[in-house]
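# Topology and contacts: notes
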Amino acid sequence: MKVPSKVEKTLKKVCAKKTDPRHFLRNPHLDAEKNILWATNGHIAARIPVETADTDVSGSISLESITYAATIAAAGKTTPEIAANGSLDVGETSFERPDGKFPDAEALYQQNIVRETKAIISIDAQLLHDLAAALSKKGKADGVTLEIGGEGDAVLVISNDNSEARGILMPMRNPIHRD
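What this report covers is the structure whose coordinates are included nearby. Only a predicted model underlies this, so the values are computations on that prediction, with no experimental measurement involved. (Residues numbered from 1 in each chain as written. Predicted model: local features only at pLDDT ≥ 70, side-chain atom pairs only at ≥ 80, totals over all residues. Heavy atoms only, no water.)

Paired through backbone hydrogen bonds, the strands of a sheet run either parallel or antiparallel to each other. Reading across from one edge, 8-9-10 is the order of the three strands in this open sheet, with antiparallel pairing throughout. Strands at the two margins of the open sheet, each flanked by one partner only, are strand 8 (144-148) and strand 10 (166-169). If you compare each strand with its neighbour and ignore which way they point, the axes differ by 25° on average. For strand 9 (residues 155-159) and strand 10, the ladder comprises four bridges, and the chain directions are antiparallel. Pairing of Val155 across the sheet is with Leu169, part of strand 10. Against the sheet, helix 4 (residues 125-135) contacts strand 8, strand 9 and strand 10, and its axis sits at roughly 170° relative to strand 10. (Pairing = 2+ DSSP bridges. Helix = DSSP H or I, 4+ residues; strand = E, 2+ residues; numbered from the N terminus. Axes fitted to C-alpha atoms, helices over the stretch in contact; angles between N-to-C directions. Contact = heavy atoms within 4.5 Å.)

Below, the structure is given as structure tokens:
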């Protein structure tokens with residue numbers, strides 16, 4: 001399996017933390033048939049396209065093996081690569097495959113892409129993060145409520161810990177529409 005460069009940093013943000021009792025969410029899951037690497041913490045899920053080999057097998061992929069592959073690849077300026085079959089092999093180094101039943105994130109994803117789209121809103125995630133931090137009583141990005149009028153409209157952002165604090169997030173100028 002070849003993974004996008006620097007994906008290990010993204011996966012560490014999306015996978016459940018080491019302290020999470022749901023150990024099966026602490027590592028991403030490879031769907032070798034669909035060439036997709038899933039990661040979730042139970043609140044957000046990332047669906048990342050990967051390139052698989054014919055010998056790769058679906059199952060959990062340890063974050064440790066992905067980090068190691070990224071380190072090796074960065075040194076040689078190549079794409080991080082892991083042979084994912086009975087074990088996880090990065091060059092001469094092998095990692096054990098984590099166990100546990102990963103949730104069927106693909107089914108949830110498929111349910112959501114076939115529903116009727118009401119509006120498409122493109123926003124800059126970093127700007128939303130910065131605005132959420134500015135509105136929060138804690139000064140750190142926290143939960144917000146988004147009020148969306150419709151496609152192409154600005155988004156009203158309301159702090160969940162300070163409902164009087166509000167902001168506006170302008171729509172992106174060049175949104176990417178899905179087909």
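Moving on, there is more to tell.
In this structure, the largest pocket encloses a volume near 310 Å³. Secondary-structure elements contributing two or more residues to the lining of the largest pocket are strand 2 (36-40), strand 3 (45-49) and helix 3 (105-113). Tallying contributions element by element places helix 3 first for the lining of the largest pocket, with three residues. There is about 270 Å³ of room inside the second largest pocket. Class assignment for the residues of the lining of the second largest pocket results in four nonpolar, three polar and six charged. (1 Å grid on protein atoms, 1.4 Å probe; cavity = no way out; pocket = protein on both sides within 12 Å on 5 of 7 lines; lining within 4 Å. Points joined across faces, edges and corners; volume = space filled by probe spheres on them. Nonpolar A, V, L, I, M, F, W, Y, C, P; charged D, E, K, R; others polar.)

This paragraph deals with a positive patch on the surface. A cluster of basic side chains, namely Lys6, Lys9, Lys12, Lys13 and Lys18, defines a positive patch on the protein surface. Owing to a relative accessible area of 66%, Lys13 belongs among the exposed residues under this scheme. (Patch = residues over 30% accessible without salt bridge, like charges linked within 9 Å, V, L, I, M, F, W, Y side chains within 5 Å. Areas by Shrake-Rupley, 256 points an atom, 1.4 Å probe, with all protein chains shown as cover. Salt bridge = Lys/Arg side-chain N within 4 Å of Asp/Glu carboxyl O. Lys, Arg positive; Asp, Glu negative; His and termini not counted. Charge placed at Lys NZ, Arg CZ, Asp CG, Glu CD. Buried < 20%, exposed > 50% of the residue type's maximum accessible area, 1.4 Å probe, protein only.)

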